[in-house]
Amino acid sequence: MRKFNPAVVLLSCMLATGNVHADDFNDGVSYYEQGDFASALESFKAAADKGNTDAQFNLGLMFLNGEGVPQDYKQAFSWFELSASKGNVKAQVNLGRMYAKGKGMLSNHGIAASWFRKAADQGYADAQYSLGILHVTGNGVARDYNKAKELFQRAANQSNASAQYQLGLLYLKGRGVTSNLVEAYKWLSLAGDYEDSEVFRKYVAAKMSKDEVAEAEALAQDWKPENSTE
């Protein structure tokens, strides 16, 4: 069995589909979905120049992933930063992750944490999870399992599987919470097949009575997510 090891924070690659300058932006989304990245880039650039933060974010993703253009972390960073500075939560998370991973720059977890916090404060589950990971590892912020639990809980309540997994591990290990196998099993169940949730779920079940397993399964079945911002 693997030791308790927070998942590595990865860069998001989900194209934004909300918009405020519909024509150019929607054209870009349509071109992108057709695989015409050159036309998508042109349309997103037109929308981005009009201040569309989702278009700016999508341009960042295209430069990050090398879609229609050579991969260019500096260009990706520039577009993410422009979008993030105007409050786009997806851009804030991706900018934070570029700092955390050292993509195109020296790694700086302190700055990463500040961008994650901006998006987390807006209720964005992915940011809450990412900031929680930093509090578990102590990178860029103080190691604080209580804070990590709070952040994972907020994200888990929005059906974020990665946070549900980490929350289950905290309950298993008694970090930031009193060890509780029923809660650990519940959250690992809700995480589904994320990472090695099933392995840990079986490990927890082996330590529980049949009644405790039944209770945890009932709690997972009855669980309802909160409204998500994602």
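We now turn to the structure provided with this report. None of these values were measured; they are calculated from a predicted model.

## Comments concerning the overall build of the protein chain
Scanning the protein chain for helices and strands turns up 12 helices and 0 strands. Element order for the protein chain, N to C, with α for helix and β for strand: α-α-α-α-α-α-α-α-α-α-α-α. Buried positions account for 48% of the 230 residues belonging to the protein chain. Long-range contacts, defined as pairs at least 24 residues apart, comprise 54% of the intrachain contacts of the protein chain with a sequence gap of at least 6. Working note: accessible area of the protein chain is about 10900 Å², and carbon and sulfur atoms make up 47% of it.

## Concerning the pattern of salt bridges
The full count for this structure, using the stated rule, is 6 salt bridges. The partner of Asp 49 in a salt bridge is Lys 45, and the shortest N-O contact between them spans 2.9 Å. One end of the pair, Asp 49, and the other, Lys 45, are both in helix α2 (residues 37-49), 4 residues apart, so they sit about a helical turn from each other. A relative accessible area of 53% places Asp 49 in the exposed class. For Lys 45, a relative accessible area of 36% puts it in the partly exposed group. One salt bridge connects Arg 97 with Asp 126, and the closest N-O pair in it is separated by 3.2 Å. With Arg 97 in helix α5 (residues 89-101) and Asp 126 in helix α7 (residues 125-137), the pair connects residues that are 29 residues apart, well separated along the chain. The residues Arg 97 and Asp 126 share a single accessibility class, namely buried.

## Let's talk about the packing of helix α10 (residues 181-190) against helix α11 (residues 197-205)
Two elements in contact, α10 and α11, have axes whose closest approach is 9 Å; the angle formed by their N-to-C orientations is 155 degrees. In terms of axis orientation, α10 runs roughly antiparallel to α11. For the pair α10 and α11, the crossing hand works out as left-handed. Packed against α10, whose contacting residues are Leu 181, Ala 184, Tyr 185, Leu 188 and Ser 189, the element α11 presents Ser 197, Phe 200, Arg 201, Val 204 and Ala 205 at the interface. Per-class residue counts for the contact of α10 with α11 are 7 nonpolar, 2 polar and 1 charged.

## Let's talk about helix α8 (residues 145-156)
Here α8 spans 15 Å end to end across 12 residues, near enough to the 16 Å set by a 1.5 Å rise per residue. Buried within α8 are the following residues: Ala 148, Lys 149, Leu 151, Phe 152, Gln 153, Ala 155 and Ala 156. Where the residues of α8 are buried, they touch α7, α9 (161-173) and α10. For α8, the N-terminal capping position is held by Asp 144, with its side-chain oxygen 3.1 Å away from the main-chain nitrogen of Asn 146.

## Focus on the environment of Lys 74
The topology assignment puts Lys 74 in helix α4 (residues 73-85). C-alpha of Lys 74 to C-alpha of Lys 103: the two residues are 29 residues apart in sequence and 8.6 Å apart in space.

## Looking at unusual backbone geometry
Positive phi outside glycine occurs at Ser 159, with the angle close to 75 degrees. Examined against the element boundaries, Ser 159 turns out to sit in the loop between α8 and α9. Phi at Glu 195 is positive, roughly 50 degrees, even though this residue is not glycine. Assignment of secondary structure puts Glu 195 in the loop between α10 and α11. By relative accessible area, Glu 195 is classed as partly exposed at 43%.

## A look at α5
Here α5 spans 18 Å end to end across 13 residues, near enough to the 18 Å set by a 1.5 Å rise per residue. Of all the residues in α5, the buried ones are Val 89, Ala 91, Gln 92, Val 93, Asn 94, Leu 95, Gly 96, Arg 97, Met 98, Tyr 99 and Ala 100. In this structure, the buried side of α5 is in contact with α3 (53-65), α4, α6 (109-120) and α7. Its side-chain oxygen 3.1 Å from the backbone nitrogen of Lys 90, Asn 88 forms the N-cap of α5. The positive-phi residue at the C-terminal boundary of α5 is Gly 102, with phi of around 70 degrees.

Conventions adopted
Residues numbered from 1 in each chain as written. Predicted model: local features only at pLDDT ≥ 70, side-chain atom pairs only at ≥ 80, totals over all residues. Heavy atoms only, no water. Helix = DSSP H or I, 4+ residues; strand = E, 2+ residues; numbered from the N terminus. Buried < 20%, exposed > 50% of the residue type's maximum accessible area, 1.4 Å probe, protein only. Contact = heavy atoms within 4.5 Å. Areas by Shrake-Rupley, 256 points an atom, 1.4 Å probe, with all protein chains shown as cover. Salt bridge = Lys/Arg side-chain N within 4 Å of Asp/Glu carboxyl O. Axes fitted to C-alpha atoms, helices over the stretch in contact; angles between N-to-C directions. Parallel < 35°, antiparallel > 145°, perpendicular 65-115°, else oblique. Left-handed = near helix turned anticlockwise from the far one by under 90°. Nonpolar A, V, L, I, M, F, W, Y, C, P; charged D, E, K, R; others polar. Expected span 1.5 Å × (residues − 1). Polar contact = N/O pair within 3.5 Å; in protein donor to acceptor, adjacent residues only side chain to side chain.

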